[in-house]
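Residues per chain, in single letters:
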Amino acid sequence: MAANQTNFEEDDQQEQSTAAGRIKDILAKYKKYIATGAMLVLLAVVIFFSNMVAKEDKTPQGGQTAQTGLGTEEFEVDANPQVSNLIGEYFDFYAKGDVDSIEQIAYPITDSEKSYIKMFSKYLEKYENIKCYTKDGAADGEYVVFVSHDMKFKDIETGAPGLSSFYVRKDEDGAAHIDNTYSQYNQTKKETKTDEKISTLLAESGQSKDMTKLLQEIQQGYDSALEKDQALKKMVTSTIRDSVTGFQTQDSSDGTSADQTQKRTAYAKTDVNMRKKRSTDSEVVKTLKAGAKVTIFGVSKNGWFKVKNAGDTGYVKKEYLVSSKDKTENAAENTSADNSVKKRTAYAKTQVNLRKKRSTDNEIIRTLKAGAKVTVYGASRDGWYQVKAGSDTGYVKKEYLVSDKSKVEKAGQTDSAANTNKKTAYAKTQVNLRKERSTQSEILATIGAGTKVTVYGSASGGWYRVKADGKTGYIRTEYIVSNLSGVEQAQGSQQTSSSTSRYFHEGDTIRLSESVNVRQSIGESANLVGMAYQGDVVTVIMSYAEGWTRVSWNGKTGYIKTDLLK
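Computed from a predicted model, the values in this text were never measured in an experiment. Position numbers for residues count from 1 along each chain, tracking the sequence in the order it is written. At least 70 in pLDDT is required for a residue's local features to be given in this predicted model, at least 80 for side-chain atom pairs to be given and counted, and no such filter applies to totals for whole chains, interfaces and linings, which use all residues. Neither water nor hydrogens contribute to the side-chain values; these are computed over all heavy atoms in the structure.

(A) Main features of the overall build of the protein. In this text, helices come from DSSP runs of H or I with a minimum length of four residues, and strands from runs of E with a minimum of two, each type numbered from the N-terminal end. Across its full length, the protein holds 10 helices and 33 strands. Whether a residue is buried, partly exposed or exposed follows from its accessible area with a 1.4 Å probe, protein chains only, as a fraction of its type maximum: under 20%, in between, or over 50%, in that order. Buried residues in the protein amount to 48% of all 566 residues. For the protein, the proportion of contacts with a sequence separation of at least 24, taken over those separated by at least 6, is 61%. Per-residue and other accessible areas were derived by the Shrake-Rupley procedure at a 1.4 Å probe size, with only the shown protein chains allowed to occlude residues. For the protein, the exposed surface amounts to about 27,900 Å²; the carbon and sulfur share of it is 44%. A contact between two residues is defined here by any heavy atoms of the two lying within 4.5 Å.

(B) Looking closely at the packing of aromatic side chains. Only rings of Phe, Tyr and Trp enter the pairing, Trp through its six-membered ring, and a pair is recorded when the two centres are within 6.5 Å. The plane angle decides the type: under 30 degrees is stacked, over 60 is edge-to-face, the rest tilted. This structure, assessed with the given rule, holds 12 aromatic pairs. Both rings, one in Phe 91 and one in Phe 166, keep their centres 5.8 Å apart while their planes meet at 80°; by these two values the pair is edge-to-face. Separated by 75 residues along the polypeptide, Phe 91 in helix 4 (residues 81-96) and Phe 166 in strand 5 (residues 160-170) bring together distant segments of the chain. Residue class for Phe 166 comes out buried when judged on its relative accessible area of 5%.

(C) The arrangement of the pairing of strand 18 (residues 384-389) in detail. Of all 6 residues in strand 18, 5 are buried; the element is thus mostly enclosed. Here, any two strands with at least 2 DSSP bridges between them count as paired. Summarising the sheet, strand 17 (residues 373-381) and strand 18 pair through 4 bridges and their orientation is antiparallel. In the strand pairing of strand 18, Val 376 is matched with Val 387. Between the antiparallel neighbours strand 17 and strand 18 lie 2 residues, among them Asp 382 with a positive phi of about 55°. When strand 18 meets strand 19 (residues 392-397), the two strands line up antiparallel, connected through 6 bridges. When the sheet's bridge partners are listed, Tyr 385 is paired in strand 19 with Val 396.

(D) Structural detail: the sheet that holds strand 1 (residues 76-77). Here 6 strands make up an open sheet; going across it, the order is 1-3-4-5-6-2 and the pairing mixed. Each having just a single partner strand, strand 1 and strand 2 (106-107) make up the two edges of the open sheet. Pairing of strand 3 (residues 124-136) with strand 4 (residues 143-153), which is carried by 10 bridges, proceeds in the antiparallel orientation. Note that in strand 4 the partner of Lys 126 across the bridge is Lys 152. Strands strand 3, strand 4 and strand 5 of the sheet are contacted by helix 9 (residues 209-228), whose axis makes an angle of about 140° with strand 5. Every axis in this analysis is a line fitted to C-alpha atoms, fitted for helices over the stretch in contact. Angles between the N-to-C directions lie between 0 and 180 degrees.

(E) Expanded view of the pairing of strand 7 (residues 263-268). Relative to strand 10 (residues 293-301), strand 7 runs antiparallel, the two being bridged by 5 bridges. Residue pairing across strands places Ala 266 opposite Val 294, the latter belonging to strand 10. Bridge count between strand 7 and strand 13 (residues 321-322): 2 bridges; the pairing is antiparallel. Looking across to strand 13, one finds that Tyr 267 is bridged to Val 322.

(F) Broad picture of the nonpolar core. As used here, the term nonpolar core means buried Ala, Val, Leu, Ile, Met, Phe, Trp, Tyr and Cys residues forming a set that is joined through side-chain atoms within 4.5 Å. If you look at the biggest cluster of nonpolar residues, it comprises 43 residues, and the most contacted ones within it are Ile 87, Tyr 90, Tyr 94, Phe 120, Val 145 and Phe 153. With 18 residues, the next largest nonpolar core counts Ala 425, Val 431, Tyr 464 and Trp 548 among its residues.

(G) View of the pattern of salt bridges. Only one rule defines a salt bridge in this text: a Lys or Arg side-chain nitrogen within 4 Å of an Asp or Glu carboxyl oxygen. Scanning all chains against the criterion turns up 11 salt bridges. Residues Asp 392 and Arg 366 are paired through a salt bridge, measuring 3.4 Å at the closest nitrogen-oxygen approach. With Asp 392 in strand 19 and Arg 366 in strand 16 (residues 364-368), the pair connects residues that are 26 residues apart, well separated along the chain. As a salt-bridge pair, Lys 435 and Glu 442 come within 3.9 Å of each other at their nearest N and O atoms. Given a relative accessible area of 47%, Lys 435 falls into the partly exposed group. Judged by relative accessible area, which is 47%, Glu 442 ranks as partly exposed. Overlapping salt bridges, with partners in common, bring together Glu 142, Arg 169 and Asp 179 in one network.

(H) Highlighting the side chain of Ser 183. Mapped onto the elements, Ser 183 comes out in the loop between strand 6 (176-179) and helix 7 (184-189). By relative accessible area, Ser 183 is classed as buried at 8%. Only 3.3 Å separates the side chain of Ser 183 from the side chain of Glu 113, close enough to count as a polar contact. Here a polar contact is taken to be a pair of N or O atoms separated by no more than 3.5 Å, where protein atoms must pair a possible hydrogen donor with a possible acceptor and residues adjacent in sequence count only if both atoms sit in side chains. There is a polar contact of 3.0 Å between the side chain of Ser 183 and the backbone nitrogen of Asn 186.

(I) Focus on helix 6 (residues 111-121). The buried fraction of helix 6 amounts to 8 of the 11 residues, a majority that puts the element mostly inside the structure. Every buried residue of helix 6 is listed here: Ser 112, Glu 113, Lys 114, Tyr 116, Ile 117, Met 119, Phe 120 and Ser 121.

(J) Summary view of unusual backbone geometry. Put simply, Tyr 107 and Pro 108 share a cis peptide bond, and its omega is 0°. Residue placement: Pro 108 occurs in the loop between strand 2 and helix 6. The phi angle at Asp 78 is positive, at roughly 50°, despite the residue not being glycine. Note that Asp 78 resides in the loop between strand 1 and helix 4. Residue classification places Asp 78 among the partly exposed positions, given a relative accessible area of 42%. Positive phi outside glycine occurs at Asp 469, with the angle close to 55°. Asp 469 sits in the exposed class, given a relative accessible area of 60%.

Have a look at this one:
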């Protein structure tokens, strides 16, 4: 056994000793492309490994490079769903050139790299066959990640195999993000300072036996793809090469090489308080106007960013910061007398709250009666309109406004309304009867599955006005059925599958005990909306008999397997 182990160790050492030689062969083979930067197309295949070889070439004679002792650990393939989903989102955004979304999950990112992504994405359709190779990083919650993939270019049939490297960290909220300091772009351009320990770890990991073997396989696949598809070869060796050369020429004249370590620019989405500590109860340092430019330091903690503005430093909740100024609320929105803003008349469809900001959790300025005349300013944002009612200006959800007063729900449409405006129906599942048309509204009662209810009028904003058990309130339309045959079986009845016998109630909130995939529709093959991470809070919209529950979280909606909600 000992002899065999020695032989294995010798084989590994021999493999490692030839790794740099194989990489240098690749570099020599594509030297003319490297000179123009076209091999950025291959991402880490050359860029990352050229840095690795450069480290090796600088080793003093008779000496050794610094070793972290971590790079020899074996990679696991697609073993971390949170990391895999993060990388999948990154490549999806990258192919679209959506640098604003990239900046939310990969930072710090320089303006130069953003420009490069926008340029390169013009040729991309998507990334396919993504496979993540992960190993532990330099600290808990950190990962070295190598990713194999095929780059599918627009109007090109064959995908180009490539290899990328990432360094992934988690913030104090447990949310994973890409430390973009170690992007292939920055490792080439050196715009942001790197930690030598992390750089060495990445280099050591790249020299591992499994990575050098993977690199060879990808390089062979890349060569084969170019030989097979002349259109792909032209795209890579001509079209993109010329674009990269032009980009480098333009970028070199910008002088944007300042140290941006763990810092990036953002803007106040609305008027917002900068506070002394990470708490809405903390002292207000100053109030930032919508569009105010700030510098963000590091990652968010407990939903807050540390920021600096005009010499003052404090904390701002992350939902009030955006990466580009064109995403800030128009200053004219806050001055309803500004005639440059498009204005029009509308009416409150039902009794509805006028709120201080665009959120059902925000302060209520006043309650508008059904039919109340308002002035609407500009277009809707996030499903809300800014309106003026009397002397008060605030926000109302757009489904509660109508342009024609005849569409206003009549106040007399109550229990005494004409029979033609009433119908009998049943609660499809156990569901909450709410005081207003909102899952944030007060719960008047919980109605059991099959409970007979009286429905008044037609649905408004996805809700029915109903009377049940002597109380009148609102229930979402999907929880109302016209006959008892549509009522879902109660738990423990004829349903045999454990996944179909479990339900959550509309409006329930659940703090996730593990990270889960959120999909666009029911089914494990459905496209991903994203990943809800451990510790995230989701709000139940509806549980389905198929074993899936529709939820909302972080401003998005999607479907999660019911059994994973715990």
